Every structure is written in structure tokens, then in C-alpha cells.
Amino acid sequence: MSIAKYLLIRVLLASMTLFISLAIIFFLIRLIPGDPAQIMLGNIDDPVALERMRAALALDQPVIMQFLNWLHRLVQGDLGVSITQDRSVLSIIIPSFGVTASLVIPAVIIAALIAIPAGSVAAWKQNTKIDVIVMTAATIALSIPSFWLGLLFLLFFGLKLEFLPVVGYVSMFDNFWEGVTYLIMPVSALALTEAGVIVRLMRSSTIDVLRLEYITHAYAKGLTNWTVRTRHALPNAIAPTWTMIGLILGALLGGAVVTETVFTLPGLGRLLVESIFARDYPVIQGCMLIVTLSYVCVNVIVDTTYLLLSPGASYD
């Protein structure tokens, strides 16, 4: 199968997945208890005003019509207007997604840069002290929740040593270096936690590959350990790890809610939680759209880049 045909199939499948996800999200949101029109009116007990507000928000229409209208506006790039903030949903979501991306993408890259070499070395040195040390560190990192690690960072580096700010957020677009100081601790907390998962998977994959016959054949040809491990074993062992990295990235782009809350970062996760409590349907739908879209796009990219990392893989 050519790469163009493979890409076409993947995009079609991704589009179907996105449509089904959006339908599920839209109808499930309607099951949340509470009337957004009444929330906007507050304590005003006026049935006429309530009906007028429901009509203004199109909540008096059948749910299926609301869904079709929402899809129609979505195609035109209109995510609607926030019920509680009276602003365009897109103008609210984009800055929040930018904060989450600036937190998650560096964390996943750092985790991968630490975990792939560490997992490979642990596999190469299986059942040695190095293997035990690496796996113990990975298990500890995996066992500690990122929010707890974040709290320890805040106490030690923020309050005790006063190296880094503990509250607030400054965008890197406003002041790059000051913005970096606000992200060091949350990025480190997320990276260390996710690195534990990747190390274990990378070690397991590498051990499986090292037991295959073509590795034995490579040694029989007289190739060195380094050549066999890096040129023949690593490219084939990294494919499952690459998938896991994609899944982690997609999941975290949906909002690292707890980490954002601990470090008071105005990211997508916090925005989503606040919108759910406020029954702000347009913002909830917009957030879920971005989450789903991020997940689908990351997985398409991961699937289509297999050949670059694993020469033995095939688009068939």
C-alpha cells in the first residue's frame, strides 16, 4: 500500500472517529444536571425571562436541531459564545490550550529523551545492578502521582530555597525567561512521572527484540554489541514505545487538570472543569472538540511516522 493511500484511509477513519466522538460529547453534555439559562439569570425567578433566555441560547429547540446547528457553525469555524463570559469560545480556548501545550509538549519530549536511553540500557544490562537501579527509579517515578511530586517541588524549590515562583503564571510570549521559570516545576513533575511508564515499556520491547533470530544472526556476522543494539535492535524496539508516547501526549494535551490546578496554570484542563461547574455548554463542547482533535491528530502522526523509526514496519 502506498503512503498516500494509507494516509487517505487514516484521515477518513480519523474523521469518522471525530464525528462519532463529537456526537457522543454533545449528547452527554445535555445530561449534566442544571439549566444554563437559569444559571445566567441567577436568583431571578421570572418564567418569562427564563424562556427568553432559553430562546436566546437556542435551548428551546429539539436537541437534534441544536446538534445540527452546532455542527453547521463548527464547519464555519464558529464554536459559539460562552454563556458565562459572553465571549467567543475560540478566544477563550486558544490561550488555555497554548498554556497546556507549553506544559505538556516539553514534558513528553524530556520524558522520552530520558526514558528511551534508560530503558534501552536496562535491557542491554538485564539482570545486572544497572538494570535494577534503572527499574527501581522507574517504578518509584511511576508510583508517585505527578501532583504529589509537584507539591514536593513547590515546598522545596519554591518555599524553602525560593528558586522558583510558587503561584501565578506568565506567558512566554510576554516574557520568555520569566515564563520558563513558571513552567520548570510542572514540566519536571509531569516528565518524571511519564518517564517511568516509557522506561518500563522500552526495556520490555528491547528485551523481546534482542531474543529474535536476526539479532543472533547479526552477532554471528561478527558485528559489535553497539552496532547490533543501536542499528538493529533499537529501531525495531522503539515502535511500541513511540505508540505509547503518542498516547501519553494525546491524553495530556486534553488537559493535565491536577497538575494545572496544583501550579495554578490557566490551562485547558482547568478551563474545562470550571466550565462544567458553570454549565457553560459552548465552552465544554469547544474544549472537548480540541481534546478529541488533539488525540486524533497525534495518533495519525504517530501511525504515519512508523516507517521513519522502524524500517521493518509496513503500511500494509
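- An unreviewed UniProt entry lists the protein chain under the name ABC transporter permease, with Kordiimonas pumila as the source organism.
- Quoted verbatim from the Subcellular location (unreviewed entry) heading of the UniProt record, the comment on the protein chain is "Cell membrane".
- UniProt annotates the protein chain under Sequence similarities (unreviewed entry) with the comment "Belongs to the binding-protein-dependent transport system permease family."

## Quick word on the packing of aromatic side chains
Reasoning step 1: Summed over all chains, the structure comprises 10 aromatic pairs.
Reasoning step 2: Taking the centre distance of 5.6 Å and the plane angle of 25° together, the rings of Phe26 and Trp70 count as stacked. Of this pair, Phe26 sits in helix α1 (residues 3–29) while Trp70 sits in helix α4 (residues 63–75), and the two are 44 residues apart along the sequence. Trp70 shares its class with Phe26; the two are buried.
Reasoning step 3: Geometrically, the ring pair formed by Phe176 and Trp177 is edge-to-face, given 5.0 Å between the ring centres and 85° between the ring planes.
Reasoning step 4: Using a relative accessible area of 65% as the deciding quantity, one classes Trp177 as exposed.
Reasoning step 5: An aromatic cluster is built from Phe19, Phe26, Phe27, Phe67 and Trp70, whose rings are joined through pairwise contacts.

## Some remarks on the side chain of Gln285
Reasoning step 1: Considering the arrangement of structural elements, one finds Gln285 in helix α13 (residues 281–304).
Reasoning step 2: Relative accessible area serves as the criterion here: at 4%, Gln285 is assigned to the buried category.
Reasoning step 3: Non-local contacts of Gln285, meaning those with residues more than four positions away in its chain, are made with Phe26, Ile29, Arg30 and Trp70.

## Examining a nonpolar patch on the surface
Reasoning step 1: Taken together, the side chains of Phe147, Trp148, Leu151, Leu152, Leu155, Leu159, Val257, Val258, Val273 and Phe277 make up a nonpolar region of the molecular surface, amounting to roughly 910 Å² of accessible area.
Reasoning step 2: Sorting the residues of the nonpolar patch by element identifies α7 (146–160), α11 (257–262) and α12 (268–277) as the ones contributing at least two each.
Reasoning step 3: The element that contributes the greatest number of residues to the nonpolar patch is α7, accounting for 6 residues.
Reasoning step 4: For Leu159, a relative accessible area of 53% corresponds to the exposed category.

## What to know about the packing of helix α9 (residues 213–220) against helix α10 (residues 225–253)
Reasoning step 1: The interhelical angle for the contact between α9 and α10, taken along N-to-C directions, is 155°, at an axis separation of 10 Å. Relative to α10, the element α9 lies roughly antiparallel. Between α9 and α10 lies a crossing of right-handed hand. Two secondary-structure elements touch here, α9 through Tyr214, Ile215, Ala218 and Tyr219 and α10 through Asn225, Val228, Arg229, His232, Ala233 and Asn236.
Reasoning step 2: For the contact of α9 with α10, a count of residues per class yields 6 nonpolar, 3 polar and 1 charged.

## Some details on α1
Reasoning step 1: Look at α1: 38 Å from first C-alpha to last across 27 residues, which is about the 39 Å you get at 1.5 Å a residue.
Reasoning step 2: Looking at α1, one finds that the buried residues are Tyr6, Arg10, Ala14, Leu18, Ser21, Leu22, Ala23, Ile25, Phe26 and Ile29.
Reasoning step 3: Where α1 is buried, its residues contact α4 and α13.

## Examining the UniProt feature "transmembrane region" (unreviewed entry) in the protein chain
Reasoning step 1: Listed under "transmembrane region" (unreviewed entry) in the UniProt record, and renumbered for this structure, are residues 7–32, 92–118, 130–159, 179–202, 241–263 and 283–309.
Reasoning step 2: Here residues 179–202 is 100% helix and 0% strand, with 33 Å between the C-alpha atoms at its ends.

## Re unusual backbone geometry
Reasoning step 1: Here the phi dihedral of Glu162 falls at roughly 55°; this positive angle occurs in a residue that is not glycine.
Reasoning step 2: Structurally, the position occupied by Glu162 is in the loop between α7 and α8 (176–210).
Reasoning step 3: With relative accessibility at 63%, the residue Glu162 sits in the exposed group.
Reasoning step 4: We note that Thr264 has phi near 50°; this positive angle belongs to a residue other than glycine.
Reasoning step 5: As for its position among the elements, Thr264 is in the loop between α11 and α12.

## Topic: the pattern of salt bridges
Reasoning step 1: Enumeration according to the criterion identifies 2 salt bridges in this entry.
Reasoning step 2: Residue Arg203 pairs with Asp131 through a salt bridge whose shortest N-O separation is 2.8 Å. Remark: Asp131 occurs in helix α6 (residues 129–143) and Arg203 occurs in helix α8; sequence separation between them is 72 residues. Accessibility assignment for this pair places Arg203 and Asp131 in one class, buried.
Reasoning step 3: Two residues, Glu274 and Arg270, come together in a salt bridge whose shortest N-O distance is 3.7 Å. In this pair, Glu274 and Arg270 are both assigned in helix α12, 4 residues apart and thus about one turn of the helix distant.

## A word on the state of the cysteines
Reasoning step 1: Applying the stated criterion to the full structure yields 0 disulfides.
Reasoning step 2: For Cys287, which is in no disulfide, the shortest distance to another cysteine sulfur is to Cys297 and amounts to 16 Å.
Reasoning step 3: Judged by relative accessible area, Cys287 falls into the buried class, the value being 0%.

Conventions and cut-offs
Residues numbered from 1 in each chain as written. Predicted model: local features only at pLDDT ≥ 70, side-chain atom pairs only at ≥ 80, totals over all residues. Heavy atoms only, no water. UniProt positions renumbered as here; feature names shortened; annotations may be inferred. Phe/Tyr/Trp six-rings, centres within 6.5 Å; stacked < 30°, edge-to-face > 60°. Helix = DSSP H or I, 4+ residues; strand = E, 2+ residues; numbered from the N terminus. Buried < 20%, exposed > 50% of the residue type's maximum accessible area, 1.4 Å probe, protein only. Contact = heavy atoms within 4.5 Å. Patch = residues over 30% accessible without salt bridge, like charges linked within 9 Å, V, L, I, M, F, W, Y side chains within 5 Å. Areas by Shrake-Rupley, 256 points an atom, 1.4 Å probe, with all protein chains shown as cover. Salt bridge = Lys/Arg side-chain N within 4 Å of Asp/Glu carboxyl O. Axes fitted to C-alpha atoms, helices over the stretch in contact; angles between N-to-C directions. Parallel < 35°, antiparallel > 145°, perpendicular 65-115°, else oblique. Left-handed = near helix turned anticlockwise from the far one by under 90°. Nonpolar A, V, L, I, M, F, W, Y, C, P; charged D, E, K, R; others polar. Expected span 1.5 Å × (residues − 1). Disulfide = S-S within 2.5 Å.

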